[in-house]
Amino acid sequence: MSLGESSRPKFLKPDDESFASDRDALPSDDQVTTFVFNAHHNLKLAEQRERLPIYRYRDHILHCLEQYQTLVLVGETGSGKSTQVPQYLYEFGWHAKGLIGVTEPRRISAITLADRVAQERGELAGDSVGVSVRFIEKVSAVTRIKYMTEGILLNELLADPLLTQYTVIMIDEAHERNTLTDSLMGLLKKILSKREDLRVIIASATIDAEMFRDFFSRKHRKGDKDTAVILSVEGRLHPVEIFYLREPCPDYVQATVSTCLKIHRSESRGDILAFLTGQEEVLRAVNLLKEHQEADDMTDVQILPMYGTLPNSDQLKVFFAPPRGVRKIVLATNIAETSITIPGIVYVVDCGFVKLKWFTPESRMDSLVVVPVSRAAAEQRAGRAGRVRSGKVFRLYGEEDFKELPENTPPEMRRTNLCSTILHLKALGIDNVLRFDFPSPPPARNLHAALETLYALGALDDSGSLTRPVGYSLAEMPIDPMMGKMLYVASEMGCTEEILSIIAMLQVQSVFSKPASSQAQIRARIAKRDFEVAEGDLITLLNVFTAFVAEGRTKDFCGRHFLIYRNLKRAYEIRSQLESHVRNKIGLPMISCQGNVETLCRCIVAGFFPNAAYLHHSGEYRSVRGSTELHLHPQSTLYTLKPPKWVVFCELMLTTKLFMKEITVIRDEWLLELAPHYYHKATVRDTED
């Protein structure tokens, strides 16, 4: 029962005067960080381990950890550092002193690495090698090597501030510099000053080694002993040719598809890896390629997507070898840039863009922005091509454009909303977050904005301390603080069941499929209307989820209604895991409002009131705070309806305009009622004028 009212790119080629190779642009041997891939998968596991470049540095690594507290280990993904270093430590006896912890920035990385190391040890994950990620835990009393996401280790710090059960902690892929990585490094620096027996390994694939070493070094005066050291692991790099476009392409998704087809038709054997910015683009490219596959009867191609919210079983498919005589084409987000190594890749297609979060402190808004990649990221992408044999990289932009790219991507700590970061630091007892030692200190105005937002949500009191029970409850929830506040208030308003479903749906990408053919698009649009309501996108998502569960969570139901089964299945899993978490750890009761839409909308306002906007007399929306011009996203339920006067939104996306996403229609008096400390009547009246 529903709730609410109802063109091909042209590349430069070495043997033609209209083409130009980038062979001369490659760095010299003494400058290049070499790449490696384990091509000896047919050998016995012991022989495979000995063939990896990291094996030659085994004794060096163990010696450095005996002499120094912090080891900065530089080596490309695929050199073996993520799988072999923890085993070297185990074999040398470090496990007898405590756990060997390895953090990864992504769930899929932690899971696949744990499975690989367990396989090399002749076990299953959960024995001496365990894994712990959000909502999944395979750890036992005999576990000594533990792979986990950074968020898991931060949560463990709440109960054990000195991480006394660990003897070595390895921060893998540290060069990605997300907020969790930087927060964790800042905390580990404090812990190292208290625990001389603890060892920390910072594993990075780029040349940030000096910055990491200087950050952890406690050598302040001449004569002091160094506490941090750098060790670089060399590998082998097959020659890689890089090609650029002669002219800019108007649609890089279409250009990616055309390039993949051109490679398949004209190049020798070898798999293709194409980089795009997000799930929607990946799925669009997958659909376009499958249309060509069906039209041309290409049975010798296997097309696979790769993005962060893809179910684990589907993500693992990219690691398997395709049938003999079949070329694998992997369409991926930047998850495949550094965190994982996909076997068999010889050709890389780089769209030249990446999707980043960017926070504007004046308006308190976190926007998803599609921006050009940095040169460092472009080189990382190119490095995927030279692992098996000589490879080729096709960049969908000009050579001059490459030279104008920024050198590095700004650390996430300097460009994102810090509410979750501050919430976790406060929960760990870091009272003065303004003086906390971050590897890259965030802008003071970003910190100030986050503190104000947390205060408005009721998570901080007048002195800046966590409140009880709201602040501590929000810190315990593995979701954004605004969603956490919405869920906390839901237990008071009596709609926990429905809000849990909405939050789960917000954790996955779009559940509505986008067919390529025009006739199918019309049918999909009609099918979507069965769920759409005038109250907005969140209630629409709730209707979809409720119907999916009521119909037995079947693929047939999704097929009839043009819904993406894998995303709905993932949302159902997340909801079950989140319900167990908040019921058992936080003690929130599970209550249903029995379809009371007004109660649900009021509850949404209680969490997302800072993201309120109103319809300006000019016909555009303006944010209440900051008066930023906003627009309804074309995929919103409300896009084709009469524009409502007042809305709240969950997310902003900047493309051609600043678009609001996941929008809910509200009444202005709810802002005064549910957030009187944030909004005043005069402000609302003036805004309406």
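The structure reproduced in this document is the subject of the present report. (Residues numbered from 1 in each chain as written. Predicted model: local features only at pLDDT ≥ 70, side-chain atom pairs only at ≥ 80, totals over all residues. Heavy atoms only, no water.)

1. Notes on the overall build of the chain
Okay, so step 1: What the chain contains, in helices and strands, is 24 helices and 21 strands.
Okay, so step 2: Carbon and sulfur atoms form 49% of the exposed surface of the chain, whose accessible area is close to 29,700 Å². (Helix = DSSP H or I, 4+ residues; strand = E, 2+ residues; numbered from the N terminus. Areas by Shrake-Rupley, 256 points an atom, 1.4 Å probe, with all protein chains shown as cover.)

2. What to know about the sheet that holds strand β9 (residues 240-244)
Each strand in a sheet pairs with its neighbour through backbone hydrogen bonds, running either in the same direction (parallel) or in the opposite one (antiparallel).
Okay, so step 1: The sheet built from 6 strands is open, its strands ordered β9-β16-β13-β10-β12-β11 with parallel pairing. In this open sheet, the two edge strands, each paired with only one partner strand, are β9 and β11 (301-306). Recorded for the sheet is a direction-independent mean angle of 15 degrees between the axes of neighbouring strands.
Okay, so step 2: Alignment of strand β10 (residues 271-275) against strand β13 (residues 345-350), held across 5 bridges, turns out to be parallel. Across the sheet, the residue bridging to I272 is Y347, located in β13. (Pairing = 2+ DSSP bridges. Axes fitted to C-alpha atoms, helices over the stretch in contact; angles between N-to-C directions.)

3. Here we look at empty space enclosed by the protein
Okay, so step 1: Considering only enclosed or pocket space, the second largest cavity measures out at about 40 Å³ in volume.
Okay, so step 2: Along its surface, the second largest cavity is lined by F359, R364, N417, C419, A449, A450, T453, M482 and P610.
Okay, so step 3: When its residues are assigned to classes, the lining of the second largest cavity shows 6 nonpolar, 2 polar and 1 charged. (1 Å grid on protein atoms, 1.4 Å probe; cavity = no way out; pocket = protein on both sides within 12 Å on 5 of 7 lines; lining within 4 Å. Points joined across faces, edges and corners; volume = space filled by probe spheres on them. Nonpolar A, V, L, I, M, F, W, Y, C, P; charged D, E, K, R; others polar.)

4. Points about helix α5 (residues 150-159)
Owing to its 3.6 residues per turn, the α-helix brings residues three or four apart onto one side.
Okay, so step 1: Among all positions of α5, only E150, I152, L153, L154, E156 and L157 are buried.
Okay, so step 2: On its buried face, α5 is in contact with β2 (99-104), β3 (129-133), β5 (145-149), β6 (166-171) and α6 (179-194). (Buried < 20%, exposed > 50% of the residue type's maximum accessible area, 1.4 Å probe, protein only. Contact = heavy atoms within 4.5 Å.)

5. Describing the pairing of β5
Okay, so step 1: With 5 of its 5 residues buried, β5 lies for the most part within the structure.
Okay, so step 2: Here β5 shows two buried faces, one formed by I145, Y147 and T149 and the other by K146 and M148.
Okay, so step 3: In terms of strand pairing, β3 meets β5 through 4 bridges, oriented parallel. Looking across to β5, one finds that G130 is bridged to K146.

6. Looking at the environment of A571
Okay, so step 1: Assignment of secondary structure puts A571 in helix α21 (residues 565-586).
Okay, so step 2: Of the residues examined, A571 reaches a relative accessible area of 0% and is grouped as buried.
Okay, so step 3: Distance from A571 to Q507, taken between C-alpha atoms, is 7.0 Å for residues 64 residues apart in sequence.
Okay, so step 4: What A571 contacts, discounting residues up to four positions off in sequence, is A504, M505, V508 and F545.

7. Some thoughts on the sheet that holds strand β8 (residues 228-232)
Okay, so step 1: Strand order in the open sheet formed by 8 strands is β4-β3-β5-β2-β6-β7-β1-β8, and the pairing between neighbours is mixed. Strands at the two margins of the open sheet, each flanked by one partner only, are β4 (136-138) and β8. When strand polarity is set aside, the average angle formed by the axes of neighbouring strands in this sheet is 20 degrees.
Okay, so step 2: Pairing analysis gives 3 bridges linking β3 to β4, with the strands arranged antiparallel. Looking across to β4, one finds that V131 is bridged to K138.

8. Digging into the packing of aromatic side chains
Here the distance between the centres and the angle between the planes together describe a pair of aromatic rings.
Okay, so step 1: In the structure shown here, the tally under the stated rule is 12 aromatic pairs.
Okay, so step 2: Ring geometry for Y244 against Y397: centres 6.3 Å apart, planes inclined by 65 degrees, an arrangement best described as edge-to-face. Residue Y244 is located in strand β9, and its partner Y397 is located in the loop between β16 (391-395) and α12 (399-403); the two are separated by 153 residues in the primary sequence.
Okay, so step 3: Plain terms: the ring middles of Y244 and F402 are 6.2 Å apart, the flat faces sit at 50 degrees to each other, and that makes the pair tilted. Pair noted here: Y244 is in strand β9 and F402 is in helix α12, with a separation of 158 residues, a long-range link. Both residues of the pair, Y244 and F402, count as buried. (Phe/Tyr/Trp six-rings, centres within 6.5 Å; stacked < 30°, edge-to-face > 60°.)

9. Structural notes on the side chain of E281
Okay, so step 1: Relative to the assigned elements, E281 resides in helix α9 (residues 279-296).
Okay, so step 2: Comment: no salt bridge for buried E281; closest opposite-charge side chain is K355, at 6.3 Å.
Okay, so step 3: Excluding residues within four positions of it along the chain, E281 makes contact with Y252, V253 and L276. (Lys, Arg positive; Asp, Glu negative; His and termini not counted. Salt bridge = Lys/Arg side-chain N within 4 Å of Asp/Glu carboxyl O.)

10. Structural notes on the environment of T467
Okay, so step 1: Positionally, T467 belongs in the loop between α14 (444-456) and α15 (470-476).
Okay, so step 2: Once you skip the residues sitting within four places of it in the chain, T467 turns out to touch G458, A459, L460, D461 and Y472.
Okay, so step 3: Looking at T467, its side chain comes within polar contact range of the main-chain oxygen of G458, at 2.6 Å.
Okay, so step 4: A distance of 3.0 Å separates a polar atom in the side chain of T467 from the backbone nitrogen of G471. (Polar contact = N/O pair within 3.5 Å; in protein donor to acceptor, adjacent residues only side chain to side chain.)

11. Overview of unusual backbone geometry
Okay, so step 1: Looking along the chain, the bond that leaves R468 and enters P469 is cis, with omega of 5 degrees.
Okay, so step 2: Positive phi outside glycine occurs at F562, with the angle close to 55 degrees.
Okay, so step 3: When you line up the elements, F562 lands in the loop between α20 (555-560) and α21.
Okay, so step 4: Here S627, not a glycine, exhibits a phi torsion of approximately 50 degrees, which is positive.
Okay, so step 5: With respect to the helices and strands, the residue S627 is situated in the loop between β18 (621-623) and β19 (629-632).
Okay, so step 6: Relative accessible area serves as the criterion here: at 38%, S627 is assigned to the partly exposed category.

12. Some points on the packing of helix α16 (residues 481-493) against helix α17 (residues 496-506)
Okay, so step 1: Two numbers describe how α16 lies on α17: the axes approach to 8 Å, and their chain directions differ by 165 degrees. The orientation of α16 with respect to α17, classified from their angle, is roughly antiparallel. As α16 runs across α17, the sense of the crossing is left-handed. Listed contacts from α17 to M483, M486, L487, A490 and S491 of α16 are T496, I499, L500, I503 and L506.
Okay, so step 2: Residue composition of the contact of α16 with α17, by class: 8 nonpolar, 2 polar and no charged. (Parallel < 35°, antiparallel > 145°, perpendicular 65-115°, else oblique. Left-handed = near helix turned anticlockwise from the far one by under 90°.)

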